[in-house]
Amino acid sequence: MKKILISAVIGVLSLNSHASQPLTLNQLQKKIAQLESQIIPSNQNLLQLGKLAISGVMEIETAHTEHFDSSESDTSDTSLATFELAMEARVNNHTDVNVTFLYEENTTPFEVDTASINFNNGQALYAVMGQTYLPFGAFETQQVNDTLALSIAEARNSVLMTGFTQGDFNAEAYIFSNEEGKLNQGGLRVNYRHNALALGIDYINNILNSDGFKALNDESENSPFKQQTHCHATSLHITTKIAGIALNAEYINLERAGTDNLNIHAVQGEIAYQHAATTLALSYQKTQDAALLGLPKQRTSITSAYNLLKNTRIAMELWHDQDFNEAHQGTNNSSNNLIIQASVEF
């Protein structure tokens, strides 16, 4: 396009060299504008997409894992734990589009993880339409592994969500469809943030839509949750930071669920200290009636992380798991595990 325009301008100048009066600078600018209008199409839709921002993260992990079942050998492997690519397009002052692609070796094939259209009124109100993670649970941690609460409650669905932000307060409400295609699932979130303090309470009317319960129902014909249509759940979470020390805690509770009338819940507490490029974090987690989800009864973890370079981090986590006893579908055994992670954000 630029070559065409330059050629046209040169042609104009060449023709004008034979004219009696040379073009003034103002006349030349008008002529160039006229040529541009003839060469460049009038449809400018592509320019209306605005600025496209691309970011991502890659995590490589090497782990040594002991199993509760003594008949199983310990395992050690290296894997591409996470490759995530996110794109955001600013369509106009009140609309943007977000798309995230995700790949996890041996777990998640390369796929569209989230895709949503986000609207705002330029003030306090906003809305989200599309596939995204539900605003239930904070799942904050400095450990390499995800929290046990996340394994129970993280949920991704196509939703209609609206939110309101005023000062330090934020509230969100959302609805989504169940497996039968009925738009009767939903939840609420209320958050308060002030400086380094964040408090939140979440509610969902059916936690069985979480990825953990869906996987269990897909893998097990005898899952006690297959016939249940609703299971209310709440999450309470708090984070704060004082002089380089970060504290966070979360409690997730489900109403009694399944044919076994299970009382599933999870609690997590963590303290982390950061100095310069180094972070040291200690975490304790406990669950109840979560053996069917493949989770331990207790987990104690310690992680040390170091920022090698900008956006480049290496971390090592040691954790000890205690299984449920046999009366609660466990083995009553324990395990010691290690994981080392190298991560890059871009």
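These lines cover the structure that appears in this document, whether it is placed above or below.

The rules behind each value
- Residues numbered from 1 in each chain as written.
- Predicted model: local features only at pLDDT ≥ 70, side-chain atom pairs only at ≥ 80, totals over all residues.
- Heavy atoms only, no water.
- Helix = DSSP H or I, 4+ residues; strand = E, 2+ residues; numbered from the N terminus.
- Areas by Shrake-Rupley, 256 points an atom, 1.4 Å probe, with all protein chains shown as cover.
- Pairing = 2+ DSSP bridges.
- Salt bridge = Lys/Arg side-chain N within 4 Å of Asp/Glu carboxyl O.
- Buried < 20%, exposed > 50% of the residue type's maximum accessible area, 1.4 Å probe, protein only.
- Core = buried A, V, L, I, M, F, W, Y, C linked by side-chain atoms within 4.5 Å.
- Contact = heavy atoms within 4.5 Å.
- Phe/Tyr/Trp six-rings, centres within 6.5 Å; stacked < 30°, edge-to-face > 60°.
- Polar contact = N/O pair within 3.5 Å; in protein donor to acceptor, adjacent residues only side chain to side chain.
- Patch = residues over 30% accessible without salt bridge, like charges linked within 9 Å, V, L, I, M, F, W, Y side chains within 5 Å.

1. Overview of the overall build of the protein chain
Here comes step 1: Along the protein chain, the regular secondary structure elements total 4 helices and 16 strands.
Here comes step 2: By element, 56% of the accessible surface of the protein chain is carried by carbon and sulfur atoms, the whole surface being about 20,200 Å².

2. Comments concerning the pairing of strand β2 (residues 75–92)
Here comes step 1: Of the pairings in the sheet, the one linking strand β1 (residues 52–65) to β2 comprises 14 bridges and is antiparallel in character. Residue pairing in the sheet places Val-57 in a bridge with Glu-84 of β2.
Here comes step 2: Here β2 folds back onto strand β3 (residues 95–104), and the loop between the two strands holds 2 residues.

3. Some words on the pattern of salt bridges
Here comes step 1: Under the criterion given, the structure shown has 5 salt bridges.
Here comes step 2: Asp-202 is the salt-bridge partner of Arg-189, the closest N and O atoms lying 2.8 Å from each other. Here Arg-189, found in strand β8 (residues 185–194), pairs with Asp-202, found in strand β9 (residues 197–204); they are 13 residues apart in sequence, far enough to count as distant. The burial state of Arg-189 is the same as that of Asp-202; both residues are buried.

4. A closer look at the nonpolar core
Here comes step 1: Of all hydrophobic cores here, the largest spans 33 residues; its most connected members are Phe-136, Ile-152, Ile-204, Ile-207, Phe-213, Phe-225 and Leu-254.
Here comes step 2: Elements with a minimum of two residues in this core: α3 (148–153), β6 (156–166), β7 (169–176), α4 (211–219) and β11 (245–254).
Here comes step 3: Apart from residues no more than four positions distant in its own chain, Leu-254 is found in contact with Ile-152, Ile-207, Phe-213, Cys-231, His-232, Ala-233, Asn-263 and Ile-264.
Here comes step 4: Val-144, Ala-305, Ala-315 and Ile-339 belong to the second largest nonpolar core, which has 6 residues in total.

5. Quick look at the packing of aromatic side chains
Here comes step 1: This structure, assessed with the given rule, holds 4 aromatic pairs.
Here comes step 2: Taken together, a centroid distance of 5.0 Å and an interplanar angle of 50° make the contact between Phe-169 and Tyr-192 tilted. Highlighted residues: Phe-169 in strand β7 and Tyr-192 in strand β8, separated in sequence by 23 residues.
Here comes step 3: Overall, the relative accessible area of 25% leaves Tyr-192 in the partly exposed class.

6. Focus: the side chain of Asn-206
Here comes step 1: Within the element layout of this structure, Asn-206 appears in the loop between β9 and α4.
Here comes step 2: Among the polar contacts listed, one links the side chain of Asn-206 to the backbone nitrogen of Cys-231, at a separation of 3.2 Å.
Here comes step 3: If near-sequence neighbours (up to four positions away) are discounted, Asn-206 is found in contact with Gln-185, Thr-229, His-230 and Cys-231.

7. Quick notes on a nonpolar patch on the surface
Here comes step 1: A surface patch of nonpolar side chains, about 670 Å² in accessible area, is lined by Ile-245, Leu-247, Ile-271, Tyr-273, Leu-280, Leu-282, Ile-302 and Leu-318.
Here comes step 2: Among the secondary structure elements, those contributing two or more residues to the nonpolar patch are β11, β12 (265–275) and β13 (278–288).
Here comes step 3: The residue Tyr-273 is located in strand β12 in this model.

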